[in-house]
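So the chains spell out like this:
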Amino acid sequence: MELYPWLLRYLREYKLKQSYFDQQKYVIIDLELTGLVPSEHEIVSAAWLNMRASKIDLCTAGYMLNKEVQDLSQSTIYHGIDDDDLLEGSSLRGLIASLATAINGHVLVCHNAVLDWGFIQRVASMYQYRITPKAIIDTMKIEKRRLLAQGRPLTQDSLTLSACRARYGLPEYKQHDALCDALATAELLLAQYSAISMGRREKLSIII
């Protein structure tokens, strides 16, 4: 008798959570966008890099521009990307194909995963790509839980990537650059894990 699909999913998720943090392969992704609504706005650029055994592998870093962006809007101001830059970019199909290759088989990490994953899912659906991360970790949600547990107030800017990094003494990087933000998110995850685990080797369940 075959197990029900939901039970198989539960068993996979349970096994994953019981594995050690440093046993998993991670891909850290950041998207730069023209807005916050997947059905209305576009991906301008995407960047990613891998992490394994609690070490960030800069040799795996990737960066792509979407040359098919229709309306850059404020992107030139915030991201420093203009129409001339996009001429060197890739098609949106090529971009999502690269993201699919980077994500599948890895634990996906984002800062504000609801936003980035929403855009990835929408574009993947447009081109009929199946993207299946082993799990999704959101460094913003981790930080929100930590602040609430500590009884600290949440302000409008307390969960930005730069504000989260500052609480761990991490250096300030250039903002609104997909590759810099992907690296910044990877470093933040390691700092969060170190603080939560208090230096001990812990399972993935403590942060997921």
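Residues numbered from 1 in each chain as written. Predicted model: local features only at pLDDT ≥ 70, side-chain atom pairs only at ≥ 80, totals over all residues. Heavy atoms only, no water.

1. Observations regarding unusual backbone geometry
Not every positive phi belongs to a glycine, and serine 54 is a case in point at roughly 60°. Mapped onto the secondary structure, serine 54 falls in the loop between strand 2 (43–52) and strand 3 (55–65). One non-glycine residue, glutamine 128, adopts positive backbone phi at about 60°. Taking the relative accessible area as the measure of exposure, glutamine 128 reaches 76% and is therefore exposed. (Helix = DSSP H or I, 4+ residues; strand = E, 2+ residues; numbered from the N terminus. Buried < 20%, exposed > 50% of the residue type's maximum accessible area, 1.4 Å probe, protein only.)

2. Concerning the environment of alanine 184
Within the element layout of this structure, alanine 184 appears in helix 8 (residues 178–197). Along the primary structure alanine 184 and isoleucine 28 are separated by 156 residues, whereas in three dimensions their C-alpha atoms are 9.5 Å apart. Beyond its immediate stretch of four places on either side in the chain, alanine 184 contacts Leu161, Arg165 and Tyr173. (Contact = heavy atoms within 4.5 Å.)

3. So, the pairing of strand 5 (residues 135–138)
As a general feature of sheets, a regular strand has side chains that alternate between the two faces. The pairing of strand 4 (residues 107–110) with strand 5 spans four bridges and is classified as parallel. In the strand pairing of strand 5, cysteine 110 is matched with aspartate 138. At this point the chain moves from strand 4, through helix 5 (residues 113–126), to the parallel strand 5, and the crossover so formed is right-handed. (Pairing = 2+ DSSP bridges. Right-handed = clockwise from strand over helix to strand, strands pointing away.)

4. Thoughts on the nonpolar core
Ile29, Leu31, Leu99 and Ile120 are the most contacted members of the largest nonpolar core, which has 26 residues in total. Only strand 1 (25–33), strand 2, helix 4 (92–103), strand 4 and helix 5 provide two or more residues apiece to this core. In contact with isoleucine 120, other than residues within four places in its own chain, are Ile29, Leu31, Ile96, Leu99, Ile103 and Ile131. Counting 17 residues, the second-largest nonpolar core is a separate cluster that includes Phe21, Leu49, Ala182 and Ile207. (Core = buried A, V, L, I, M, F, W, Y, C linked by side-chain atoms within 4.5 Å.)

5. Description of the pairing of strand 2
Among the ten residues that make up strand 2, eight are buried, leaving the element largely enclosed by the rest of the structure. Note that strand 1 and strand 2 share nine bridges and pair antiparallel. Looking across to strand 2, one finds that isoleucine 28 is bridged to leucine 49. One ladder, built from seven bridges, connects strand 2 with strand 3; its direction is antiparallel. Within strand 3, the position partnered with alanine 46 by the bridge is methionine 64.

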